[in-house]
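Architecture at a glance
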Amino acid sequence: MDVMYVLIGFSLVVALGFLAAFFWAVRSGQFDDVFTPAIRMLFEHQRTKKKEHRES
């Protein structure tokens, strides 16, 4: 039965860690722009082609 108390305490510590990480990510602006990263990979391919074309 003592193991249950240890596991509950450990799970609360882990949950608080993830909650703190979530609030840190929100405050640092990780979720401000959700549209551009999806499009960035499309334009990055074109930009690398231009770089390769300039170098040759």
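Described below are features of the structure shown in this document. Predicted model only: the values in this text are computed from it and were never measured.

Each helix and strand counted, the protein chain has two helices and zero strands in total. When the 56 residues of the protein chain are sorted by exposure, 2% land in the buried category.

The subject of this paragraph is the packing of aromatic side chains. Under the definition given, this model contains two aromatic pairs. Arranged with centres 6.1 Å apart and planes meeting at 40°, the rings of F22 and F31 form a pair that is tilted. A connected cluster of aromatic rings, assembled from ring pairs, spans F22, F23 and F31.

Let's shift gears to helix α1 (residues 2–27). With 26 residues, α1 should reach 38 Å at 1.5 Å per residue; the first-to-last C-alpha distance of 38 Å fits that figure. One or two steps after α1, the chain reaches G29, where phi turns positive at roughly 90°.

Another aspect to go through is a nonpolar patch on the surface. The grouping of L16, L19, F22, F23, V26 and F31 at the surface amounts to a nonpolar patch, some 600 Å² of accessible area in total. Structurally, L16 can be placed in helix α1.

The rules behind these values
Residues numbered from 1 in each chain as written. Predicted model: local features only at pLDDT ≥ 70, side-chain atom pairs only at ≥ 80, totals over all residues. Heavy atoms only, no water. Helix = DSSP H or I, 4+ residues; strand = E, 2+ residues; numbered from the N terminus. Buried < 20%, exposed > 50% of the residue type's maximum accessible area, 1.4 Å probe, protein only. Phe/Tyr/Trp six-rings, centres within 6.5 Å; stacked < 30°, edge-to-face > 60°. Expected span 1.5 Å × (residues − 1). Patch = residues over 30% accessible without salt bridge, like charges linked within 9 Å, V, L, I, M, F, W, Y side chains within 5 Å. Areas by Shrake-Rupley, 256 points an atom, 1.4 Å probe, with all protein chains shown as cover. Salt bridge = Lys/Arg side-chain N within 4 Å of Asp/Glu carboxyl O.

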